[in-house]
There are 2 protein chains.
Amino acid sequence: MSEMSSETKKDPLFTGTLAKGIRILRAFDEQNVRLSLAELVQRTGLEKSAVQRLAHTLHREGMLNKDPVTRRFSPSHAWLELAYAYYWSDPLIARALPRLIGLSRTIGETVNLAQMSGDHIIYSLRLPNQRTHFAASIVGRRLPAIATAAGRVMLSTWPEAEADRAIDLWPIAPMTPKTVTDRDQIRADVRLAAQNGYAMTRNQMILNEVSIAAPVHGVAGPAEAAVQVSLSAHSYDETRIQEEILPALLDTANGILA
Amino acid sequence: MSEMSSETKKDPLFTGTLAKGIRILRAFDEQNVRLSLAELVQRTGLEKSAVQRLAHTLHREGMLNKDPVTRRFSPSHAWLELAYAYYWSDPLIARALPRLIGLSRTIGETVNLAQMSGDHIIYSLRLPNQRTHFAASIVGRRLPAIATAAGRVMLSTWPEAEADRAIDLWPIAPMTPKTVTDRDQIRADVRLAAQNGYAMTRNQMILNEVSIAAPVHGVAGPAEAAVQVSLSAHSYDETRIQEEILPALLDTANGILA
DNA sequence: ATAAGCCGTATTGTATAGTGATACATGAGA
DNA sequence: TCTCATGTATCACTATACAATACGGCTTAT
């Protein structure tokens, strides 16, 4: 009767109530920061009664704050505690963090650790500087993988067939007028990254931004992650990048291997 | 029949299934990073069948990874996405971040933003340096409020009766041999913080660590948060702290007011 | 002023969906 | 080879989540 029929079709271990509750948590994002009951109904597509019950439960469990006057829900500190648990669970984080800090001190520019997450990348560590704008300063941000230097350099370590499939099928969300949407151009860029051992993009997310990424290799096979640096094109010409940034970046990424 | 009878007693809006699912998420922490079904049963106190169903659902919803060979569950990237949403939801974060970065550059030492969360503080922003150890580098960490400089300086802005109650009742978890557990001593320290406008502790979490915190005031009334700096007692004597650290710290904390 | 909407909250009969017990399968250790 | 612990699958039962609806407070329009 609903649109989830195909997904839910006879999985006797699937508990719909919990899934709905998770959908409520997921309704919050950078544009939806404080949601009323009615807005939650709209964003989740659930029944008003269901949202009432589930949001109430999440509130009582400490997962949602509720403003006593506006009656709006918002994320609670528990969401940060979950991030804390995540950080401990991923061994890459502890290996990468001290080296990223070193890189950040050396070059004095924004440094990130990105991981592949489906067809997106997700930033799991970020070391912003004062010029970095807010969205680029906080962890957990997702971007379409093949539209980013980090995503491309990771793909460049994949078996060619899989990488090609990804380049053909994965989404691209144009962020600036200069965002590349031509998949053959992306394919060429991934090939180039395979040769160079790093990937570089310009003006893809923000105008006048140069993004450079190097792969973090696992024991063998595809890259586990990528170390990525953002620079202003105004401050860094090609030779400065080659001489000041790249050696330090590649050194950092290689050092994380463990 | 279960131990939740007092909590659940007749709240017709409370959905137990969702609450149980949340308990599964909460079972992961810094010491429990990768949990088997049996361990989840043990840690949550739920029935094996329930854990089987709920963990399966969380896995299908992308909230838990499942290692195909060890069959263990672990936090997924979605946990970082939730943190991302939290960061956008709390307006203090965007106000504080650039100033914290500035402070970090100025003094070259570890800088944190802490907020009150029940009877604990939680670190919501952290700017570590290379010497910072891992647990002190990642957001979402909670510590007993009255055992920390940040917690005490926030309490020092509370109405005296409430602060006294907190000092009497809130938990203290001794972390080092020198952790202060005498509540009258803590009370004196809070009073001193009220006079000075900052709080300082030594050897409370780690030996030879000096922790200094200044309050971030709201429009009026109690502090919204605290800016906190960690130093090595070996590198900073009292006069260096007074001259090099405190002015910058207080300036930063005051500047966040907005 | 009054009415109409909208929204959050409370209530209730009903059947569905989660429950818990149990059985089965697999792999590790003794 | 046996035993035990653990993960997975199945199933009858009924407790529990469900959707509909009613109520009351607040804002907006007329």
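Values in this document were obtained by computation on a predicted structure and should not be read as measured data.

1. Some words on the environment of Ala188(A)
Looking at where Ala188(A) falls in the secondary structure, it is placed in helix 9 (residues 183-196). C-alpha of Ala188(A) to C-alpha of Thr57(A): the two residues are 131 residues apart in sequence and 51 Å apart in space.

2. Looking at the environment of Arg71(A)
Residues and elements named next belong to chain A. Relative to the helices and strands, Arg-71 is located in the loop between strand 1 (64-66) and strand 2 (73-75). Judged by relative accessible area, which is 47%, Arg-71 ranks as partly exposed. Distance in space between the C-alpha atoms of Arg-71 and Leu-37 is 8.0 Å, their sequence separation being 34 residues. Of note is the side chain of Arg-71, whose polar atom sits 3.0 Å from the backbone oxygen of Pro-68.

3. Side note on the confidence of the model for chain A
For chain A, the average pLDDT comes to 95, and 96% of its residues sit at 70 or higher. Confidence over residues 1-8 of chain A falls short of pLDDT 50; this stretch has four contacts with residues more than four positions distant or in other chains.

4. As for the packing of helix 8 (residues 160-169) of chain B against helix 9 (residues 183-196) of chain B
Residue and element names in this part refer to chain B. Closest axis-to-axis distance for the helix 8/helix 9 pair is 9 Å, and the angle between their directions is 145°. Between helix 8 and helix 9 lies a crossing whose hand is right-handed. Of the residues in helix 9, those in contact with Glu-160, Asp-164, Ile-167, Asp-168 and Leu-169 of helix 8 are Arg-183, Ile-186, Arg-187, Val-190 and Arg-191. Here the contact of helix 8 with helix 9 is built from residues that sort into four nonpolar, no polar and six charged.

5. Re the sheet that holds strand 5 (residues 142-144) of chain A
Residue and element names in this part refer to chain A. If you walk across this open sheet you meet the six strands as 5-4-3-8-7-6, and the pairing is antiparallel. Looking along the sheet, the strands with just one partner apiece sit at the ends: strand 5 and strand 6 (199-202). Shown here is a sheet whose adjacent strand axes are inclined to one another by a mean of 30°, direction ignored. With nine bridges joining them, strand 7 (residues 209-217) and strand 8 (residues 223-232) adopt antiparallel strand pairing. If you follow Val-216 over to strand 8, its bridge partner there is Ala-225. Sitting on the sheet, helix 10 (residues 238-255) is in contact with strand 6, strand 7 and strand 8, with an inclination near 30° to strand 7.

Reading the values: the criteria
Within any chain, residue numbers begin from 1 and follow the written order of that chain's sequence. Chain letters and ligand numbers both follow the written order, the letters beginning at A and the numbers at 1. Predicted model: local features are reported for residues with pLDDT of at least 70 only, side-chain atom pairs are reported and counted for 80 or more only, and whole-chain, interface and lining totals are derived from all residues. With hydrogens and water stripped out, all remaining heavy atoms of the structure feed into the side-chain values. Strands here mean DSSP runs of E at least two residues long; helices mean DSSP runs of H or I at least four residues long; both are numbered from the N terminus. Relative accessibility decides the category of a residue: with a 1.4 Å probe and only protein chains considered, values under 20% of the type maximum give buried, values over 50% give exposed, and everything between is partly exposed. Pairs of N or O atoms within 3.5 Å make up the polar contacts considered here, provided that, within protein, one atom can donate a hydrogen while the other can accept it, and that residues adjacent in sequence are counted only when both atoms are side-chain atoms. Residue-level confidence of the predictor is what pLDDT reports, using numbers from 0 through 100. We call two residues in contact when some of their heavy atoms are within 4.5 Å. All axes are obtained by fitting lines to C-alpha atoms, using only the stretch in contact for helices, and the reported angles, taken between N-to-C directions, cover 0 to 180 degrees. Two helices crossing with the near one rotated counterclockwise from the far one by less than a right angle form a left-handed crossing, whereas a clockwise rotation gives a right-handed crossing. Throughout this entry, Asp, Glu, Lys and Arg are counted as charged residues, while Ala, Val, Leu, Ile, Met, Phe, Trp, Tyr, Cys and Pro are counted as nonpolar. The remaining residues, Gly among them, count as polar. When DSSP finds at least two bridges between two strands, those strands are taken to pair.

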